[in-house]
Amino acid sequence: MGQAKPFCISKWVVWDAYQRVRAKHGAAGVDSESIEVFERDLKNNLYRIWNRMSSGTYFPPPVKTVEIPKKDGGVRSLGIPTVSDRVAQTVVKLYLEPVVEPSFHPDSYGYRPKKSALDAVGAARQRCWQYDWVLDLDIRGFFDNLDHALVMRAVERYTQCRWIILYVKRWLEAPMMQEDGTLVLRTKGTPQGGVISPLLANIFLHLGFDDWMRTTHPEVPFERYADDVVAHCKTEKQAKQILDSIRERLKRCQLELHPEKTKVVYCKDGNRRGRYREEKFVFLGYLFRPRRSMNRRGKFFTNFSPAVSNEAAKKMRQEMRSWRIHLRSDKAIDDLARMWNPVLRGWIQY
């Protein structure tokens, strides 16, 4: 008889993890192995992942760094794990997520089953009608600055499973490979682009923010999508006090609010008097601001509500210009409709 593995991991879970990775059609990592190449020796590749994870000898390869431009002129670094590593991370996610999910806050919407960005926007819309003031919170470089020791403490609050703790620690410490091939060791942060990163972020911010808000400021509702947060207050004075309190809390979590992007916003509408220097904010691609609306009786009024943000609308216009429809005289109108209608339907639903 073969020697028993120190860790009990189901081969069926590894198979399920592979199916989920395959469905997302992700890019290749540092080994340049695509999903198609991985599948040429699928049985052995999956067995190798299971065998190494079960025996405690799985070590993640470096994470490929891809820089994408941000709208403010900077760059965001994405970390692309290899196909094998994405499967391994998904295995841990499939075991860990059901353990932590039931305790998460109902107003945490990011990367959670049966919750979406649109749910978060809808909740924010309703509360902007009920509360006069909003805190638009921006955590500076959240994924890049997560403290590894605090992340591990947060994970250990939910599980004592040795192999989950072992591999989470190894993924946090896996080096980044730059585009020129240079390896960069990581002492903090978790790469955006990893399968396990959003779950670790939710675990960390549930304990660091959501649960703390529920116990410390139960009178202040909020919506959080990953590190994107808005909170609702009755008065400007309360908003500023809560902002100071949140700033101190995040400092204890080794994080900080971005001084320029974090702001107090007045939800100005037809019934709210006075003016304030900030009367609009963007949340998950939607611009919240005072808008002219019509009620059921056909009367116009000013309503504080979301619609497509200026940045998103600009991208749509650029996309339409790139189609160069006036040069496509070789296509019938039905052909053009088939080409672009799916995109237009998506925009209309947005």
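Residues numbered from 1 in each chain as written. Predicted model: local features only at pLDDT ≥ 70, side-chain atom pairs only at ≥ 80, totals over all residues. Heavy atoms only, no water.

*Asks:* What am I meant to see in the pattern of salt bridges here?
*Replies:* If the charged atoms of two oppositely charged side chains come close together, the side chains can form a pair. For the structure on display, the rule yields 14 salt bridges. The shortest N-O distance in the salt bridge between Glu256 and Arg140 comes to 3.2 Å. Of this pair, Glu256 sits in the loop between helix H10 (236-252) and strand E8 (263-266) while Arg140 sits in the loop between strand E3 (133-138) and helix H6 (142-145), and the two are 116 residues apart along the sequence. Judged by relative accessible area, which is 33%, Arg140 ranks as partly exposed. A salt bridge links Glu173 to Lys169; the shortest N-O distance between them is 2.9 Å. Highlighted residues: Glu173 and Lys169, both in helix H8 (residues 162-173), separated by four residues, approximately one helical turn. A relative accessible area of 39% means that Glu173 is categorised as partly exposed. Judged by relative accessible area, Lys169 falls into the partly exposed class, the value being 41%. (Salt bridge = Lys/Arg side-chain N within 4 Å of Asp/Glu carboxyl O. Helix = DSSP H or I, 4+ residues; strand = E, 2+ residues; numbered from the N terminus. Buried < 20%, exposed > 50% of the residue type's maximum accessible area, 1.4 Å probe, protein only.)

*Asks:* Mind showing me how you'd approach the environment of Ala4 here?
*Replies:* Take Ala4: it is sitting in the segment before helix H1 (11-24). For the pair Ala4 and Ser54, spaced 50 residues apart in sequence, the C-alpha separation works out to 9.3 Å.

*Asks:* Could you clarify how one ought to interpret the nonpolar core in this entry?
*Replies:* For soluble globular proteins, nonpolar side chains are generally found buried alongside one another. Counting 68 residues, the largest nonpolar core has Met53, Val92, Leu135, Phe142, Trp163 and Ile246 as its most contacted members. Broken down by element, the residue count for this core peaks at 10 residues, all from helix H9 (residues 197-216). Contact partners of Leu135, with chain neighbours within four places excluded, come to Val229, Val230, Ala231, Cys233, Ala239, Ile242, Leu243, Ile246, Lys263 and Val264. One finds Ala120, Cys128, Val134 and Phe288 within the second-largest nonpolar core, a separate group that totals 17 residues. (Core = buried A, V, L, I, M, F, W, Y, C linked by side-chain atoms within 4.5 Å. Contact = heavy atoms within 4.5 Å.)

*Asks:* Hey, could you run me through the sheet that holds strand E5 (residues 183-184) in this one?
*Replies:* To summarise the sheet geometry, strands pair through backbone hydrogen bonds and adopt either a parallel or an antiparallel arrangement. Spatially, the four strands line up as an open sheet ordered E2-E1-E4-E5, and their pairing is mixed. Here the strands that pair on one side only, and so sit at the sheet edges, are strand E2 (75-80) and E5. With two bridges connecting them, strand E1 (residues 63-69) and strand E4 (residues 176-177) associate as parallel partners. If you follow Val63 over to E4, its bridge partner there is Met176. (Pairing = 2+ DSSP bridges.)

*Asks:* What should I look at first to understand the pairing of strand E7 (residues 228-233) in this one?
*Replies:* Within a regular beta strand, the side chains point alternately toward one face of the sheet and then the other, so they alternate between its two faces. Of all six residues that make up E7, five are buried, and the element is covered over most of its length. Across six bridges, the pairing between E3 and E7 is antiparallel. Counted as the bridge partner of Leu137 is Val229 from E7. Here four bridges tie strand E6 (residues 222-225) to E7, and the two strands are oriented antiparallel to one another. Residue pairing in the sheet places Arg224 in a bridge with Val229 of E7. Hairpin geometry of E6 and E7 is characterised by an intervening segment of two residues between the two adjacent antiparallel strands and by a positive phi of about 55° at Ala226.

*Asks:* Is there a simple way to think about the sheet that holds E8 in this case?
*Replies:* Taken in spatial order, the four strands make up an open sheet running E6-E7-E3-E8, and their pairing is antiparallel. Each having just a single partner strand, E6 and E8 make up the two edges of the open sheet. Between one strand axis and the next, the sheet turns through 20° on average, direction left out of account. In the packing of H9 onto the sheet, the strands contacted are E3, E6 and E7, and the crossing angle to E6 comes to about 175°. Across the sheet, H10 is in contact with E3, E7 and E8; its angle to E3 comes to roughly 25°. (Axes fitted to C-alpha atoms, helices over the stretch in contact; angles between N-to-C directions.)

*Asks:* Help me out: how do you make sense of the packing of helix H11 (residues 310-323) against helix H12 (residues 333-349) in this one?
*Replies:* Two measures define how a pair of helices packs: the angle their axes make with one another and the distance between the axes. At a closest axis distance of 12 Å, the pairing of H11 and H12 adopts a crossing angle of 170°. Comparing their axes, H12 and H11 come out roughly antiparallel. Here Met316, Glu319, Met320 and Trp323 of H11 come into contact with H12, specifically with Trp340, Val343, Leu344 and Trp347. The class makeup of the residues in the contact of H11 with H12 is seven nonpolar, no polar and one charged. (Parallel < 35°, antiparallel > 145°, perpendicular 65-115°, else oblique. Nonpolar A, V, L, I, M, F, W, Y, C, P; charged D, E, K, R; others polar.)

*Asks:* I keep staring at helix H4 (residues 83-100) and nothing clicks. Help me out?
*Replies:* An α-helical segment advances 3.6 residues per turn. Residues three or four places apart therefore align on the same side. Look at H4: 25 Å from first C-alpha to last across 18 residues, which is about the 26 Å you get at 1.5 Å a residue. The sharpest bend along H4 comes to roughly 30°, located at Leu94, with the proline Pro98 sitting one to four residues further on. Within H4, 13 of the 18 residues are buried, leaving the element largely enclosed by the surrounding structure. (Expected span 1.5 Å × (residues − 1). Bend = angle between axes of the 7 residues up to and from the residue.)

*Asks:* So what exactly am I meant to see when it comes to the side chain of Glu97 here?
*Replies:* Its location among the elements puts Glu97 in helix H4. Although buried, Glu97 forms no salt bridge, and the nearest oppositely charged side chain, Lys93, lies 4.1 Å from it. When near neighbours in sequence (up to four residues on either side) are disregarded, Glu97 contacts Tyr111, Pro113 and Leu199. (Lys, Arg positive; Asp, Glu negative; His and termini not counted.)

*Asks:* I keep staring at the side chain of Arg86 and nothing clicks. Help me out?
*Replies:* As for its position among the elements, Arg86 is in helix H4. Asp31 is the oppositely charged side chain nearest to the buried, salt-bridge-free Arg86, at an N-O distance of 7.7 Å. A polar contact of 2.9 Å, which involves the side chain of Arg86, links it to the backbone oxygen of Ala27. (Polar contact = N/O pair within 3.5 Å; in protein donor to acceptor, adjacent residues only side chain to side chain.)

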